[in-house]
Amino acid sequence: MDERDFFDEKSDKKLANLTCPHCMQAGEYEIQWLVRMKKKNLPPRADDRDRAKFAKAQSYMVRRDEKLSCANIRCRKPFEISTLQSVAFLQD
């Protein structure tokens, strides 16, 4: 079985306060995340190895955006999101 069989996927947007490294202006940016929530039950075609993987699996989010454009109208330069983690585990 594939890891995707253990999770339900959906897109989500979260707000984060980031500072543009070019103009040093702070702003609130909307960042896209892929949320993978662990399914309640294991699919019926699973074997013992799949059951062990499913028992260890956790819900998590993966950041989709790598770069953002500055919100300042005079700047508008793209910058990488390096201060924000790219994977975040969720509490069930």
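A brief structural summary. The model shown is predicted, which means the values in this text are computed figures rather than measured ones.

**Digging into the sheet that holds strand S6 (residues 87-89)**
Backbone hydrogen bonds are what pair the strands of a sheet, in a parallel or an antiparallel way.
Turning to step 1, where the next piece is worked out: Pairing is antiparallel across the open sheet formed by four strands, whose spatial order is S1-S2-S3-S6. In this open sheet, the two edge strands, each paired with only one partner strand, are strand S1 (7-19) and S6. On average, each strand axis in the sheet is inclined to that of its neighbour by 25°, with strand direction left out of account.

**Describing unusual backbone geometry**
Turning to step 1, where the next piece is worked out: The backbone phi angle of methionine 24 is positive, close to 60°, even though this residue is not glycine.
Turning to step 2, where the next piece is worked out: In this structure methionine 24 comes out as exposed when scored by relative accessible area, which is 59%.

**As for the packing of aromatic side chains**
Turning to step 1, where the next piece is worked out: Following the criterion strictly, the structure yields four aromatic pairs and no others.
Turning to step 2, where the next piece is worked out: Considering the side-chain rings of tyrosine 60 and phenylalanine 89, the 6.2 Å spacing of their centres and the 55° angle between planes classify their relative orientation as tilted. In this pair, tyrosine 60 sits in strand S3 (residues 60-63) while phenylalanine 89 sits in strand S6, placing the two residues 29 residues apart along the sequence.
Turning to step 3, where the next piece is worked out: Judged by relative accessible area, which is 55%, phenylalanine 89 ranks as exposed.
Turning to step 4, where the next piece is worked out: Among the aromatic residues, those joined into a ring-pair cluster are Phe7, Tyr60 and Phe89.
Turning to step 5, where the next piece is worked out: A cation over a ring is seen here: lysine 38 above phenylalanine 54, with NZ or CZ 4.6 Å from the ring centre.

**Quick word on the nonpolar core**
Turning to step 1, where the next piece is worked out: With 14 residues, the main nonpolar core has Leu18, Tyr29, Ile31, Leu68, Cys70 and Phe79 as its most contacted residues.
Turning to step 2, where the next piece is worked out: Elements with a minimum of two residues in this core: S1 and strand S2 (26-38).
Turning to step 3, where the next piece is worked out: Per-element accounting of this core gives the leading share, four residues, to S2.
Turning to step 4, where the next piece is worked out: Not counting residues up to four positions away in its chain, the partners in contact with isoleucine 31 are Asp12, Lys13, Lys14, Ala16, Leu18, Arg63, Asp65, Leu68, Ile81 and Leu84.
Turning to step 5, where the next piece is worked out: Formed by five residues, the second largest nonpolar core is a distinct cluster that contains Phe6, Phe54, Ala57 and Tyr60.

How each quantity is defined
- Residues numbered from 1 in each chain as written.
- Predicted model: local features only at pLDDT ≥ 70, side-chain atom pairs only at ≥ 80, totals over all residues.
- Heavy atoms only, no water.
- Pairing = 2+ DSSP bridges.
- Helix = DSSP H or I, 4+ residues; strand = E, 2+ residues; numbered from the N terminus.
- Axes fitted to C-alpha atoms, helices over the stretch in contact; angles between N-to-C directions.
- Buried < 20%, exposed > 50% of the residue type's maximum accessible area, 1.4 Å probe, protein only.
- Phe/Tyr/Trp six-rings, centres within 6.5 Å; stacked < 30°, edge-to-face > 60°.
- Lys NZ or Arg CZ within 6 Å of the ring centre and 35° of its normal.
- Core = buried A, V, L, I, M, F, W, Y, C linked by side-chain atoms within 4.5 Å.
- Contact = heavy atoms within 4.5 Å.

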